[in-house]
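Next come the chains, spelled out residue by residue.
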2 protein chains.
Amino acid sequence: MSTMNLTLLTDFYELTMMQGYFKSQNNEKVVFDAFYRKNPCDGGYAIAAGLDQVIDYIKNLRFSKEDVEYLRGLKVFDEDFLEYLESFHFTGDIYAIPEGTIVFPREPLIKVVAPIMEAQLVETAILTILNHQSLIATKAARVVYAAKGDGIMEFGLRRAQGPDAGVYGARAAVIGGCVGTSNVLCGQLFDVPVKGTHAHSWIMSFPDEYTAFKTYADLYPNACCLLVDTYDTLKSGVPNAIRVFREMREAGIPLKNYGIRLDSGDLAYMSKQARKLLDAAGFEDAYISASSDLDEYLIDSLKTQGAKISSWGVGTNLITSKDCPAFGGVYKLAAVQDAETGEFIPKIKLSENTEKITNPGNKTIYRIYDRQTGKIRADLICLADETFDDKKDMIIFDPLETWKKTKIHANTYTLRELLVPVFKGGECVYTSPSVMEIRDICTKEKDTLWDETKRLVNPHEVYVDLSDKLYKIKSELLEKMGREALEY
Amino acid sequence: MSTMNLTLLTDFYELTMMQGYFKSQNNEKVVFDAFYRKNPCDGGYAIAAGLDQVIDYIKNLRFSKEDVEYLRGLKVFDEDFLEYLESFHFTGDIYAIPEGTIVFPREPLIKVVAPIMEAQLVETAILTILNHQSLIATKAARVVYAAKGDGIMEFGLRRAQGPDAGVYGARAAVIGGCVGTSNVLCGQLFDVPVKGTHAHSWIMSFPDEYTAFKTYADLYPNACCLLVDTYDTLKSGVPNAIRVFREMREAGIPLKNYGIRLDSGDLAYMSKQARKLLDAAGFEDAYISASSDLDEYLIDSLKTQGAKISSWGVGTNLITSKDCPAFGGVYKLAAVQDAETGEFIPKIKLSENTEKITNPGNKTIYRIYDRQTGKIRADLICLADETFDDKKDMIIFDPLETWKKTKIHANTYTLRELLVPVFKGGECVYTSPSVMEIRDICTKEKDTLWDETKRLVNPHEVYVDLSDKLYKIKSELLEKMGREALEY
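As annotated in an unreviewed UniProt entry, chain A carries the name Nicotinate phosphoribosyltransferase and is attributed to Fusicatenibacter faecihominis. Under the UniProt heading Function (unreviewed entry), the entry covering chain A gives this text: "Catalyzes the first step in the biosynthesis of NAD from nicotinic acid, the ATP-dependent synthesis of beta-nicotinate D-ribonucleotide from nicotinate and 5-phospho-D-ribose 1-phosphate."

Right, dumping it as structure tokens:
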């Protein structure tokens, strides 16, 4: 993806609107926010991911001759507009929450400040990339949480929704906490650990299971994980694995990083029985890994049942986020610059659903941490030019249920602005960390959440409040709209 | 994707197994089947899609210097194997069911006959591509079925699981029956219709809704679809749209292909009220289109409620197949060639779940059509060298419940072999039709199903039977395995 020109990866209406702005000579600077409304899987948080690919996309944004030729052929665009496209490039500013950061609903994960023709064009691709990777990173964090310290391998490429979904999904899964992936292309592109041993077909291609195991162990004595469920797990697979391990021990081959993989059957029962067989043969340090339609709920249940599994391969349910396969991020106009004063005029989109009403204005977000514990107290969405002093008390209130107020006492909290500059005047001013660095950042980020927010079901919700000033602007806009509506 | 080398788009274990086969000098010719076990969304069928991208993938299969260098750095592969990879290319045969064809569980959609090192490597990418596109094509066919002849537009790019999921998902959606997509890159790559008008941000960027509509109508008088729900659908949006349509009429602009789009609220109620307002103003031919979290069930319900909608934009639920986001296709070893005799020795994979036991042998599939109606009577999976005569009676029986037998009388049926040659000795011998041609094929394919199989809930299941010969081979292998199991 990174080397491809994805300029036409956009909805057609972005282009018809662009031509509309072009023709009506309306190219004011505007503010668009990309945000989401609901945490995936009814969870308590999400993890921002995909920014590095958004940066690549913006850097490569240009209409090639072939692109313009294609658009000309649609007979919808005039020559003056097509000529404009030929020299098009992005000149705006972009702010974003860095990858791996914990985020909450209604917070702008990316803010685009640019002439409306540019800001409009980039809507679709930004959402596609951000929605996908944030979804999978969040799902991975949930699966990793359920495994309570065991390693989770991402195994889902074959069930991913196409090649990119496999490659960038695996990238996001590592950001969310997976220890590695089976996806070799992802390993090559992003320098993340790749792992894997063999499939049932390996076993079936040999005259018998023992020979298949033995051949494998001879080849890979230092990473010998034997898949034991091709014929009969406890009667054939595990005994044959033990025979091979024993032969390795007798031959003086140091046994380290070795074990078995269960890929079907009742994993709780099978793992306990396999553990007994391995222990009785003196292979207490052989690990038991498992795969087979796992997700965070099943892993949680298996842990509770005392399954003897210490390593997990998760495929379909992670790479597609099967129970919640869309993140639902949106991209909404928040302000239009007054050409004369340079001031940003806040804009609001109404909806019969109160939660869908947008937050107007050119905004930023502050995260309020407890000084003692380092945990998140709340987030505050405010106007970009507001400042706060952590040496003063801060009163925050819920933007929907405004009587719910909390005083955060002076000197008990610290503030961090979440949005950082990524593009300035069309130039990229941000360097993405490596994926493994983002993974480390994400691990630290997860430590800023209470367990009550991380739990899988019915989590505690972290408050995301509006500043006084922003709340007033929003209320006034709603009032004004309400008055106008009476006149319809 | 088509221009990218996706050779490393594979699971790491394919490569460790390849090296294993290389080292143990085991490179016999084998047969692998790619098939699926369960129709998406509990439906009665699926639609094969993705073959054209599988062909591109196989054609471009080669390990670049960078690929080999990357693999060398992993310190798992020996120099002789890496050297072999440098000159690797695919030399085998591939058979496939053409895109757009109706398919059923357990039928090989793709059959690979190749030396095991090659056949093993291509597993993951074939599954990724086939699983994704067949899933979305099937989902699209369901949505199109629910709309009873109305046009369905694919609108989901921003919610797709990454760029490929958007582009190839839209391709598959068109194959499944969508009339077009909002995805411009898909339009460019596959020459399919792209459409779209404007977003809420267009309305919000103007001082008022009327001006926004008026500007749009002046620009696009021949494709004037106005989005009416930014402020208040019935009090503001529809009246402003009518005002603009009236001005167009008064100015002598021919009104054709014009209408409104509803994107929120109660679509049944809103569409009926909007219809009344449009009709009362003399715009009986203005269409009403709708979007907003639609899927086949909601469209079916809205049709039943008499909603006045004739055109539908479907996003998230189609592009992710939200209620069933994975196709679940697998790739299983079915036979290994005896090096001496050249004969294919059938292989079987056992499972505690009877439905997961594979069909052994080098197989093909015949579709049995009723001569009179052209509808599908049943499918027959058999060995590749079996022949049948439609001038004789045919007795078919369910492979699980073998007492269920049906006699198909001579001269009442026709036979069609579903698998066609795609690669022979590594050379591509197949030319894919264009996407719009595949869409036409698919439309005809859907006509070979009874409505009872197409219905959304609890559909009639089409029989997929095994030939006598294949059934006997399978039974014998199971018997043999069972006997061996007693000896554990």
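**With respect to the overall build of chain A**
Helix and strand content of chain A: 17 helices and 21 strands. Taking the principal axes of the C-alpha coordinates as reference, chain A spans close to 85 × 60 × 40 Å. The buried share among the 488 residues of chain A stands at 60%. A fraction of 72% describes how many contacts in chain A between residues 6 or more apart in sequence connect residues 24 or more apart. About 18,600 Å² of surface is accessible on chain A, with carbon and sulfur atoms providing 49% of the total. Averaging the positions of the 57 positive and the 70 negative side-chain charges in chain A gives two centres separated by 5 Å.

**Things to note about the UniProt feature "domain: Nicotinate/nicotinamide phosphoribosyltransferase" (unreviewed entry) in chain A**
Within this numbering scheme, the UniProt entry marks residues 152-319 of chain A as carrying the feature "domain: Nicotinate/nicotinamide phosphoribosyltransferase" (unreviewed entry). Annotation note: span residues 152-319 of chain A, helix share 48%, strand share 12%, distance between end C-alpha atoms 13 Å.

**With respect to the environment of A:His89**
With respect to the element layout, A:His89 can be found in the loop between helix H4 (79-86) and strand E3 (93-96). Taking the C-alpha atoms as reference points, A:His89 and A:Leu380, 291 residues apart in sequence, are found 33 Å from one another.

**Side note on the pattern of salt bridges**
Following the criterion strictly, the structure yields 57 salt bridges over all chains and no others. In this structure, the salt-bridge partner of A:Arg367 is A:Glu445, at a minimum N-O distance of 3.6 Å. Taken together, the positions of A:Arg367 in strand E14 (residues 363-370) and A:Glu445 in helix H15 (residues 435-446) put the pair 78 residues apart, joining distant regions of the chain. We note a salt bridge from B:Arg367 to B:Asp379, for which the minimum N-O separation is 2.8 Å. One end of the pair, B:Arg367, is in strand E14 (residues 363-370); the other, B:Asp379, is in strand E15 (residues 376-383), and 12 residues separate them in sequence. On the basis of relative accessibility, which here comes to 0%, the residue B:Arg367 falls in the buried class. Take B:Asp379: its relative accessible area is 0%, and that puts it in the buried class. Shared partners join several salt bridges into a network, and the residues in it are A:Glu107, A:Arg367, A:Asp379, A:Arg416 and A:Glu445.

**Things to note about the sheet that holds strand E12 (residues 330-337) of chain A**
Residues and elements named next belong to chain A. Strand order across the open sheet formed by 7 strands is E13-E12-E1-E5-E3-E19-E20, with antiparallel pairing between neighbours. Pairing within the sheet leaves two strands with one partner each, and these edge strands are strand E13 (344-346) and strand E20 (427-428). Both E3 and strand E5 (residues 110-115) contribute to a ladder of 4 bridges, which runs antiparallel. Each bridged residue has a counterpart across the sheet, and for Ala96 the counterpart in E5 is Ile110. Its contacts with the sheet put helix H2 (residues 51-59) on E3, E5, strand E19 (420-424) and E20, and the angle it makes with E19 is roughly 15 degrees.

**Describing the relation of the copies chain B and chain A**
Rotating chain B by 180 degrees and moving it 0.0 Å along the rotation axis overlays it on chain A with an RMSD of 0.0 Å. Those values place the two copies in the arrangement expected of a two-fold rotation axis. Every residue of chain B has its C-alpha some distance from the rotation axis, and the shortest such distance is that of B:Asp164, at 2.7 Å. Taken as a fraction of all interface residues of chain B, those also at the interface in chain A reach 100%, which identifies the copy contact as same-surface.

**Some thoughts on the interface of chain B and chain A**
Residue-level contacts link 94 residues of chain B with 94 residues of chain A. When chain B packs against chain A, the two sides together hide about 8,000 Å² of surface, and 62% of this comes from carbon and sulfur. Summed over the shared surface of chain B and chain A, the number is 6 salt bridges. Note that B:Arg158 and A:Glu14 form a salt bridge whose closest N and O atoms lie 3.6 Å from each other. Inspection of the region where chain B meets chain A yields 39 residue pairs in polar contact (both at pLDDT 80 or more). Top element by residues in the side of chain B that touches chain A is helix H1 (residues 12-23) of chain B. It accounts for 10 residues. Considered class by class, the residues forming the side of chain B that touches chain A number 46 nonpolar, 30 polar and 18 charged.

**Comments concerning the side chain of B:Glu107**
Residues and elements named next belong to chain B. Locating Glu107 in the fold gives a position in the loop between strand E4 (102-103) and strand E5 (110-115). Here the side chain of Glu107 touches Phe104 through a polar contact of 3.2 Å, landing on its backbone nitrogen. Excluding residues within four positions of it along the chain, Glu107 makes contact with Ala34, Phe35, Ile365, Arg367, Asp379, Ile381, Leu418 and Val464.

**Let's talk about the environment of B:Lys276**
Residue and element names in this part refer to chain B. Here Lys276 shows up in helix H12 (residues 267-280). By relative accessible area, which is 55% here, Lys276 ends up exposed. Along the primary structure Lys276 and Leu61 are separated by 215 residues, whereas in three dimensions their C-alpha atoms are 59 Å apart.

**Examining the domain arrangement of chain A**
Residue and element names in this part refer to chain A. What the domain assignment lists for chain A is domain 1 (12-136 + 325-486) and domain 2 (137-319). Measuring from the centre of the C-alpha atoms in domain 1 to the corresponding centre in domain 2 gives 39 Å. Contact with domain 1, which involves 29 residues of that partner, is made by 31 residues of domain 2. Counting each side, the surface lost to burial between domain 1 and domain 2 is near 2,300 Å², with a carbon and sulfur contribution of 63%. If you sort the residues of domain 1 by the area they bury against domain 2, Ile136, Val435 and Leu456 come out on top, with a joint share of 32%. Linking domain 1 to domain 2 there are 2 salt bridges. We note a salt bridge from Glu99 to Arg171, for which the minimum N-O separation is 2.7 Å. Here domain 1 is connected to domain 2 by 15 residue pairs in polar contact (both at pLDDT 80 or more). Every element with two or more residues in the side of domain 1 that touches domain 2 is listed here: strand E2 (46-47), H2, helix H6 (123-146), H15 and helix H16 (451-454). The greatest single-element share of the side of domain 1 that touches domain 2, amounting to 6 residues, is contributed by H15. For the side of domain 1 that touches domain 2, a count of residues per class yields 15 nonpolar, 7 polar and 7 charged.

Criteria and thresholds
- Residues numbered from 1 in each chain as written.
- Chains lettered and ligands numbered in written order.
- Predicted model: local features only at pLDDT ≥ 70, side-chain atom pairs only at ≥ 80, totals over all residues.
- Heavy atoms only, no water.
- UniProt positions renumbered as here; feature names shortened; annotations may be inferred.
- Helix = DSSP H or I, 4+ residues; strand = E, 2+ residues; numbered from the N terminus.
- Buried < 20%, exposed > 50% of the residue type's maximum accessible area, 1.4 Å probe, protein only.
- Contact = heavy atoms within 4.5 Å.
- Areas by Shrake-Rupley, 256 points an atom, 1.4 Å probe, with all protein chains shown as cover.
- Lys, Arg positive; Asp, Glu negative; His and termini not counted.
- Charge placed at Lys NZ, Arg CZ, Asp CG, Glu CD.
- Salt bridge = Lys/Arg side-chain N within 4 Å of Asp/Glu carboxyl O.
- Pairing = 2+ DSSP bridges.
- Axes fitted to C-alpha atoms, helices over the stretch in contact; angles between N-to-C directions.
- Least-squares fit on C-alpha atoms with pLDDT ≥ 70 in both.
- Buried area = accessible area lost by both parts, 1.4 Å probe.
- Polar contact = N/O pair within 3.5 Å; in protein donor to acceptor, adjacent residues only side chain to side chain.
- Nonpolar A, V, L, I, M, F, W, Y, C, P; charged D, E, K, R; others polar.
- Domains from an automatic or database assignment.

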